[in-house]
2 protein chains.
Amino acid sequence: MSMDIKNLFEPKSVALIGSTKIREKVGMTSPELFENVIYNMKKFFKGETIVVDIESKKEYASVTELSTTPELAVIMLPPKESIEQVNICAEKGIKVLVLITGGYKDNQREKLKEIALEYGVRILGPNTIMGVLNTVNGLNTTFERDLMPKNGGIAVISQSGGVGAYLLDWACYNNIGVSKFVFMGDKIDINDMDVLRYLKDDEETRVICIYMEGIEKGREFIEVAREVVKKKPILALKGGITEESALRAKSHTASIAGSDIIFNAAFKKAGIIRVADMEELLNTATAFSKQPLLKGDRIAIVSNVGGPAILAADAITRNGLKLATLSERTRKEIESRHPGVEAINPIDLIADARAERYEHVLDLVLSDPNVDGVMVINMLKSCFFKPEDVRAIVKISKKYPEKPVVDVPAGGEDFAKVYAVLKETEIPAFNLPEKAAKALKALRTYYEIKQKFSSNY
Amino acid sequence: MSMDIKNLFEPKSVALIGSTKIREKVGMTSPELFENVIYNMKKFFKGETIVVDIESKKEYASVTELSTTPELAVIMLPPKESIEQVNICAEKGIKVLVLITGGYKDNQREKLKEIALEYGVRILGPNTIMGVLNTVNGLNTTFERDLMPKNGGIAVISQSGGVGAYLLDWACYNNIGVSKFVFMGDKIDINDMDVLRYLKDDEETRVICIYMEGIEKGREFIEVAREVVKKKPILALKGGITEESALRAKSHTASIAGSDIIFNAAFKKAGIIRVADMEELLNTATAFSKQPLLKGDRIAIVSNVGGPAILAADAITRNGLKLATLSERTRKEIESRHPGVEAINPIDLIADARAERYEHVLDLVLSDPNVDGVMVINMLKSCFFKPEDVRAIVKISKKYPEKPVVDVPAGGEDFAKVYAVLKETEIPAFNLPEKAAKALKALRTYYEIKQKFSSNY
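Each chain carries its own residue numbering, running from 1 in the written order of its sequence. A letter from A marks each chain and a number from 1 marks each ligand, given out in the order of writing. Totals for whole chains, interfaces and linings use every residue, but because this is a predicted model, local features are given only for residues with pLDDT of at least 70 and side-chain atom pairs only at 80 or more, for both listing and counting.

Asker: Would you explain the overall build of chain A in this entry?
Answerer: Helix and strand labels come from DSSP, where a helix needs a run of H or I of at least four residues and a strand needs a run of E of at least two; each type is numbered from the N terminus. Helices and strands together make up the secondary structure of chain A, namely 16 helices and 17 strands. When we talk radius of gyration, it's over C-alpha atoms, and the globule rule is simply 2.2 Å times the number of residues to the 0.38. Its C-alpha atoms give chain A a radius of gyration of 25 Å, within 12% of the compact-globule value 23 Å for 457 residues. Expressed along its principal axes, the backbone C-alpha trace of chain A runs to roughly 80 × 45 × 35 Å. Looking at chain A residue by residue over its 457 residues, the buried ones come to 59%. Long-range pairs, those at least 24 residues apart, make up 78% of the contacts in chain A with a sequence separation of at least 6. Residues with at least 20 other C-beta atoms within 10 Å of their own are called buried, those with 12 or fewer are called exposed, and the rest are partly exposed. The C-beta atoms themselves are positioned from the backbone. Here, residue contact means that the backbone-derived C-beta atoms of the two residues sit within 7 Å.

Encoded structure:
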């Protein structure tokens, strides 16, 4: 079972096996979904896409008709037909298979396991719903037309189709950069550990997000995770923390959701950072994919509005970080250059601050040895700040590659306007100081994990 | 000091007193800001707007020149000139004044207090920055052109200009309905209690949001709040919970931020619901402004995706609510009508659910005596659901005016598409199950507060 799953993400040729006739709603088999996957693959995939329509009389009706052997096959048929196709693919010598549809019974899942063992093929799923994406080679087996995140450093492993679809939609809509995205489904063969091992050495991936409801082989999972987190952080969202929801999770993806306390202990042992919800998962991952780790816990807040800066200070403290005490030199230089600005942390640059004042103050604050990281707040409404002024923050941040900087463009419309500039840069932006504080805290937590695990061999 | 502040919100005529020449950046005095307030008032205000430019040679240069006495004056000048105008307005007989700009020294604030006492005028501010809004009569003293929330049941009291501007921008951008919006500033005269007393009897207001950094006269505040919460809920966000941030709050709005523990105790005694951040404040307020209270703690979750429903179940439990156990009758009716749907809570309607299935199942669930409230989840991506299908939820919810229903349109783009339909309806929508659970919890908490306070006279 330790066979390489490289071709799950990096195949040169992919067979899409489905039907333009069979419709089976509950399990998500339909001619439209088949057409949509074909559309996405032909649009995005840089390798060869081969369409196998088992009902076809003109195109390929079976992989046996192909002159070459595809490196990956994606099967979108009801359970019975899928199992037939798995057999045919295995006979043909295809080594990695993705099973999109759900509705499998226990004995059908057992059958799949048998085939996988017998032929040494690797199977993702069944019930993966959206399958797999790789933003480098354009592999995209989702059936939502044109749904493709931009390339970036975040890998996502989702056990649930629904949570995965939520995260994928959120990532696309908010321009969050993704490396790989994989929907695990029922995990009859390929499991989180296989994917973690692959992602550990994937140069595109800077941070790994996992949504899981249950885990088998807990000890092995912890061991694998411990190896991964020496190289890159793992963030986990666990679903099914209550008895009732755990019961639901069981019927949903056929896994056994363990006790929440056991998971907490396991995550801690594995060096995995646990997050509370889907938004925090992607926010935190964004910070990891764009910014350095936080090497100390002293944060400076630089803002053009008072109230939100006070809420930011509260959030910093609540999340176990500290408000930095600026050095005498920094204070004096800020106050002599900017009359009216009182250089105590949080620093209120006052409503008329524009790029130049932010740039000068941030430069001083980031060079201050008493400061480990910075949260910037900028508001447009009731202030003189303009969206393009945030470029000053991007510029100064680059001068200090060892200290993380996160930004909070305050408000609704204001956030959207500033985010339109920042989303293409290395500065993560969040619409609440509390979200930025949580992201900074994770950058700190992982720094500590890495220190501990690296010395602990 | 108990004089009526009705004309702060409901004046028939308003004098805008500023200058087209004086510019004083730090305190926010500028000809442009003056012009912007004039623009907003002329555009939105249904009463009479009188412009008084103290530098003018053609228009009014003083309220003394006016043949009538305005019911409200808004002064946008630096401290020294503002105090002069306050005197002139008081002499003229204007009874309510709003002081927009900041930068006042202690002795200047004392001077304002003296004038207020001597003439029996009421003063809002100084340092209110954005002043006051009333969505019924169009009163809008903000200097952001065209910034006007839609009419609705949420009143906001913000001590901070920045937090107020954040909340106002968020409300406008997300189409959240506001009744009154007031920026308190330095509170030399009109304070939170005055506004609370007014809002208690304001028929437009269904829920009151307060952002505060400090409070004076704590005992009186608690007494006033206790009276208000017998009629409508008060939600509070407190800034300055740490020693450092409290210090900052002091220099920011000249108030003394008390200890966080004392505030917690005071809020509890006052029957005020404390929220953790600005987003939670508006989310929770939206739920109160649109839905009935939660009379029990048993929540049903109705979803078309499994994973997010499990996270919703987790969030319900984490927030101290319970997952409802559906009655045998409800279960049987759902399962017989919708093959493949297993009617245990959270109910997964499966990916092909559209309006008709939601409508039928919600009707059964809301009529179930074992259910006190419902969280609905709907995803578009990877599902058959269409944005317009949410109208079924709106329709069925109206049949059960005693049970709250909140909706979670899952994802990024998907949320935006569904929210575009829901924002005009009585169904509150949130982009995460955790946010919906917090809103439901607040509907429950206030129900308990109301029960307790009403029996406790």
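Following the structure, the description resumes.
Asker: When you look at the relation of the copies chain A and chain B in this model, what are you seeing that I'm missing?
Answerer: Taken as rigid bodies, chain A and chain B are interconverted by a rotation of 180 degrees and an axial shift of 0.0 Å, the fit giving an RMSD of 0.0 Å. Taken together, the rotation and translation describe the operation of a two-fold axis. Looking at the interface residues of chain A, 100% of them are also at the interface in chain B, so both copies use one shared face. Superposing the copies works by least squares over the C-alpha atoms of residues that have pLDDT at least 70 in both of them.

Asker: I tried to follow the packing of helix α11 (residues 306-318) of chain B against helix α16 (residues 433-454) of chain B on my own but got confused; where do I start?
Answerer: To characterise two packed helices, one gives the angle between the axes of the helices and the distance between these axes. All names here are of chain B. Running from amino to carboxyl end, α11 crosses α16 at an angle of 35 degrees, the nearest separation of the two axes being 8 Å. Where α11 crosses over α16, the handedness of that crossing is right-handed. From α11, Pro 308, Leu 311, Ala 312, Ala 315 and Ile 316 reach across to α16, where they touch Pro 433, Glu 434 and Ala 437. For this classification, Asp, Glu, Lys and Arg are treated as charged, while Ala, Val, Leu, Ile, Met, Phe, Trp, Tyr, Cys and Pro are nonpolar and the rest, including Gly, are polar. Looking at the contact of α11 with α16 residue by residue, the classes come out as 7 nonpolar, no polar and 1 charged. Throughout, an axis means a line fitted to C-alpha atoms (over the contacting stretch in the case of helices), and angles, computed between N-to-C directions, take values from 0 to 180 degrees. Left-handed describes a crossing whose near helix is turned anticlockwise from the far helix through less than a right angle; right-handed describes the clockwise counterpart.

Asker: Honestly, unusual backbone geometry in this entry has me stumped. Any pointers?
Answerer: Leaving glycine aside, a negative phi is the common case for residues, and trans is the common case for peptide bonds. For the bond from Asn 345 of chain A to Pro 346 of chain A, the omega torsion is 0 degrees, close enough to zero to count as cis. Looking at where Pro 346 of chain A falls in the secondary structure, it is placed in the loop between α12 (328-337) and β15 (347-348). Here Gly 125 of chain B and Pro 126 of chain B are connected by a cis peptide whose omega angle stands at 0 degrees. With a phi close to 70 degrees, Ser 382 of chain A is a non-glycine residue in the positive phi region. With respect to the helices and strands, the residue Ser 382 of chain A is situated in the loop between β16 (373-378) and α14 (391-399).

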